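# Report on the structure
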Amino acid sequence: MENEDRNGRGAALMLLYCLVDLLAWLLIIAAKATGHTSRSWIFCLTSLLWLPFVTMAVILVIWGASRLARHLIRELREAYRRRKIARTLWEAMEGLTLNSVGPIYGVKRQPGEKNAPYKRRILKAAQTVDTVNIGRAPDTPAGKGGKP
C-alpha cells in the first residue's frame, strides 16, 4: 500500500493531461472551421492521434528542465555552503597560526585585532628583528611531549 497514490494526485494529473489534449484538439478544429489555418481536414482530425504524444513530450521536457534546474540550484547552494565553511576554517587556522607566530617576534595581538593588520605587524617585526626568540613561542602539543 506504500506505492498507492495518496489524495488522488496521479488521477488529477491524468485528468489535467486529458483536458489539455482535448482543449488543444478543439482549438485546432476551431481554427480549421473558421479558416484561420490552411491545414487539411485530415491533418486536423488526425491530430487527435498525434497530439497526445506531442503534449506528453512537452510535459516531459518541462518536467525534466525543472528537475535539472532544481538539481543545479541545490548543487550551487551546497558549493556555496562548503566554500563558506572552508573560508571560515581557513581564517580560523590562519588566526591560530598568527597567534603562535606573533609572540616569537615579540608581537602581541591587540584585543579585537583582525588577522590582516596583525600579520602586517608580525612581518614588520620580523624584518626588524635580527634573531628569533623561540622562548617566547607558546607551548604546542609537540612541545609538551606530544608527537610533532
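Higher on the page you've got the structure.
What you are looking at is a predicted structure, and each value in this text was computed from that prediction instead of being measured.

### Focus on the overall build of the protein
A count of helical and extended segments in the protein gives three helices and zero strands. Taking all 148 residues of the protein together, 13% fall into the buried category. Across the protein, every contact between residues at least 6 apart in sequence was considered, and the portion connecting residues at least 24 apart equals 34%. As displayed, the protein has an accessible area near 12,400 Å², and 65% of this comes from carbon and sulfur atoms.

### Some thoughts on a positive patch on the surface
A cluster of like positive charges, contributed by Arg 67, Arg 70, Arg 74 and Arg 77, occupies part of the molecular surface. Mapped onto the elements of the fold, Arg 70 is located in helix 2 (residues 41–101). Owing to a relative accessible area of 43%, Arg 70 belongs among the partly exposed residues under this scheme.

### Comments concerning the packing of aromatic side chains
Taken as a whole and judged by the stated rule, the model has one aromatic pair. Both rings, one in Phe 43 and one in Trp 50, keep their centres 5.4 Å apart while their planes meet at 40 degrees; by these two values the pair is tilted. A residue is classified by how much of its surface remains accessible, and Phe 43, at 29% relative accessible area, is partly exposed. Relative accessible area serves as the criterion here: at 30%, Trp 50 is assigned to the partly exposed category. Taking the ring centre of Phe 43 as reference, the NZ or CZ of Arg 39 above it sits at 4.8 Å.

### Section: the nonpolar core
Core analysis: the largest hydrophobic core is formed by five residues, namely Leu 98, Val 107, Tyr 118, Ile 122 and Ala 125. A total of three residues in this core trace back to one element, the largest contributor, which is helix 3 (residues 115–128). Beyond its immediate stretch of four places on either side in the chain, Leu 98 contacts Pro 103, Arg 109, Asn 115, Tyr 118, Lys 119 and Ile 122.

### Some remarks on the environment of Leu 45
The topology assignment puts Leu 45 in helix 2. For Leu 45, a relative accessible area of 49% translates into the label partly exposed. Distance from Leu 45 to Trp 25, taken between C-alpha atoms, is 8.4 Å for residues 20 residues apart in sequence. The contacts of Leu 45, once residues within four sequence positions are left out, are Trp 25 and Ile 29.

What counts and how
Residues numbered from 1 in each chain as written. Predicted model: local features only at pLDDT ≥ 70, side-chain atom pairs only at ≥ 80, totals over all residues. Heavy atoms only, no water. Helix = DSSP H or I, 4+ residues; strand = E, 2+ residues; numbered from the N terminus. Buried < 20%, exposed > 50% of the residue type's maximum accessible area, 1.4 Å probe, protein only. Contact = heavy atoms within 4.5 Å. Areas by Shrake-Rupley, 256 points an atom, 1.4 Å probe, with all protein chains shown as cover. Patch = residues over 30% accessible without salt bridge, like charges linked within 9 Å, V, L, I, M, F, W, Y side chains within 5 Å. Salt bridge = Lys/Arg side-chain N within 4 Å of Asp/Glu carboxyl O. Lys, Arg positive; Asp, Glu negative; His and termini not counted. Charge placed at Lys NZ, Arg CZ, Asp CG, Glu CD. Phe/Tyr/Trp six-rings, centres within 6.5 Å; stacked < 30°, edge-to-face > 60°. Lys NZ or Arg CZ within 6 Å of the ring centre and 35° of its normal. Core = buried A, V, L, I, M, F, W, Y, C linked by side-chain atoms within 4.5 Å.

Taken by themselves, the reported measurements are silent on function.
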